[in-house]
Amino acid sequence: VPEAESASLSLDGRPRSALGALRLLARAFALGLLLLRPLLLLLPALLLRGRAWQSRFERALVHALERGGPCLTKLGQWASTRPDVLPASLCATLGELHSRVEPHALELSRAAISASFGATAPAEELLGSLSAAPLGSGCIAQVHRA
C-alpha cells in the first residue's frame, strides 16, 4: 500500500479521517467505473449463444482485472483455478493472468529497493548493480538481477 494511503487507514482498515474516507470512496468509485462500465456493456453477451460474444466478455473481464491492480489480478488468478465454479472457457481466459503480466518501470523497482533499506542512496549503490530488464514479473513483485 502506498505510504499516503496506508497513513490514512487505521490498523483495522478503517479510515482515520474524513480525507481518508474520501480517498477510499474515490478509489472504490474509480474501480467501479473501471470494472463495471465495460462489463455491463458486454453483459448481454452472456445471454447470447455465440462464442464470439462470450469471448469478448471474458477478454473485457481479464482487461478490467489487470487494470484494477494487483489484488484484482490475484482474484482473477484464483478464479482461474476454479473450473468447478466457473465455465471452463472463462477459467482458461483468466489463466492468462498467471503468465501474462506486464513488467513495471525500473524506476519503481529502484525506489522500492531504496525504501526497503531505509536509505536515500540509489539502488545500484546499495546492491552494486541492478539489471534493467527483469528476470520475472508478477502482479505483486518483480525480480531483477543484482
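Above this note sits the structure.
### Brief notes about the nonpolar core
Then comes step 1: Among the nonpolar cores identified, the biggest contains 16 residues, and Leu39, Leu61, Leu65, Leu72, Leu94 and Leu97 are the most heavily contacted of them.
Then comes step 2: The set of elements that each furnish at least two residues to this core consists of helix H2 (18-42), helix H3 (51-68), helix H4 (70-79) and helix H5 (88-94).
Then comes step 3: Per-element tally for this core: the top contributor is H3, with 6 residues.

### So, the side chain of Thr93
Then comes step 1: Within the secondary structure, Thr93 sits in helix H5.
Then comes step 2: Among the polar contacts made by the side chain of Thr93, one reaches the main-chain carbonyl oxygen of Ser89 at a distance of 3.0 Å.
Then comes step 3: Thr93 has contacts with Glu58, Arg59 and Val62, leaving out every residue within four places of it along the chain.

### Describing the environment of Leu90
Then comes step 1: Among the structural elements, Leu90 can be located in helix H5.
Then comes step 2: In this structure Leu90 comes out as buried when scored by relative accessible area, which is 11%.
Then comes step 3: Distance in space between the C-alpha atoms of Leu90 and Arg59 is 9.0 Å, their sequence separation being 31 residues.

### Some details on helix H7 (residues 106-116)
Then comes step 1: Taken together, the buried positions of H7 are occupied by Leu106, Ser109, Ile113 and Ser114. One face of H7 carries all of its buried residues, which in axial projection span an arc of 130°. Residues of H7 that are exposed and point over 90 degrees away from its buried face: Glu107, Leu108 and Ala115.
Then comes step 2: Looking at the buried side of H7, the elements it contacts are helix H8 (123-127) and strand E2 (142-143).
Then comes step 3: Following H7 by one or two positions, Gly118 has its phi on the positive side, about 65°.

### Some points on the side chain of His144
Then comes step 1: Inspection of the secondary structure assignment puts His144 in the segment after E2.
Then comes step 2: On the accessibility criterion, His144 (15% relative accessible area) is buried.
Then comes step 3: Among the polar contacts made by the side chain of His144, one reaches the side chain of Gln142 at a distance of 3.0 Å.
Then comes step 4: Setting aside its immediate chain neighbours within four residues, His144 contacts Leu106, Ser109, Leu130, Ser131, Ala132, Ala133, Pro134 and Leu135.

### Examining H2
At 3.6 residues per turn, the α-helix brings residues three or four places apart onto the same side.
Then comes step 1: Between its terminal C-alpha atoms H2 stretches 36 Å, which fits the 36 Å expected from 25 residues at 1.5 Å a residue.
Then comes step 2: Approximately 30° is the largest bend angle found in H2, and it occurs at Leu36, with the proline Pro38 only one to four residues beyond.
Then comes step 3: For H2, the complete set of buried residues consists of Gly20, Leu31, Leu34, Leu35, Leu39 and Leu42.
Then comes step 4: Considering only its buried residues, H2 is in contact with H3 and H4.

### Concerning the pattern of salt bridges
Then comes step 1: The tally for this structure, following the rule as stated, stands at 3 salt bridges.
Then comes step 2: Note that Arg59 is salt-bridged to Glu96, the shortest N-O span being 2.7 Å. Placement of the pair is Arg59 in helix H3 and Glu96 in helix H6 (residues 96-99), with a sequence separation of 37 residues.
Then comes step 3: With relative accessibility at 34%, the residue Arg59 sits in the partly exposed group.
Then comes step 4: The exposure class of Glu96 is partly exposed, given its relative accessible area of 28%.

### Let's talk about the packing of H2 against H3
Then comes step 1: Look at H2 against H3: their axes get within 8 Å of each other, and the N-to-C directions meet at 170°. Of the possible angle classes, the one that applies to H2 and H3 is roughly antiparallel. On H3, the residues touching Arg27, Leu31, Leu34, Leu35, Leu39 and Leu42 of H2 are Trp53, Arg56, Phe57, Ala60, Leu61, Ala64, Leu65, Arg67 and Gly68.
Then comes step 2: Among the residues forming the contact of H2 with H3, the class breakdown is 11 nonpolar, 1 polar and 3 charged.

Rules of the game
Residues numbered from 1 in each chain as written. Predicted model: local features only at pLDDT ≥ 70, side-chain atom pairs only at ≥ 80, totals over all residues. Heavy atoms only, no water. Core = buried A, V, L, I, M, F, W, Y, C linked by side-chain atoms within 4.5 Å. Buried < 20%, exposed > 50% of the residue type's maximum accessible area, 1.4 Å probe, protein only. Helix = DSSP H or I, 4+ residues; strand = E, 2+ residues; numbered from the N terminus. Polar contact = N/O pair within 3.5 Å; in protein donor to acceptor, adjacent residues only side chain to side chain. Contact = heavy atoms within 4.5 Å. Arc of directions from axis to C-beta. Expected span 1.5 Å × (residues − 1). Bend = angle between axes of the 7 residues up to and from the residue. Salt bridge = Lys/Arg side-chain N within 4 Å of Asp/Glu carboxyl O. Axes fitted to C-alpha atoms, helices over the stretch in contact; angles between N-to-C directions. Parallel < 35°, antiparallel > 145°, perpendicular 65-115°, else oblique. Nonpolar A, V, L, I, M, F, W, Y, C, P; charged D, E, K, R; others polar.

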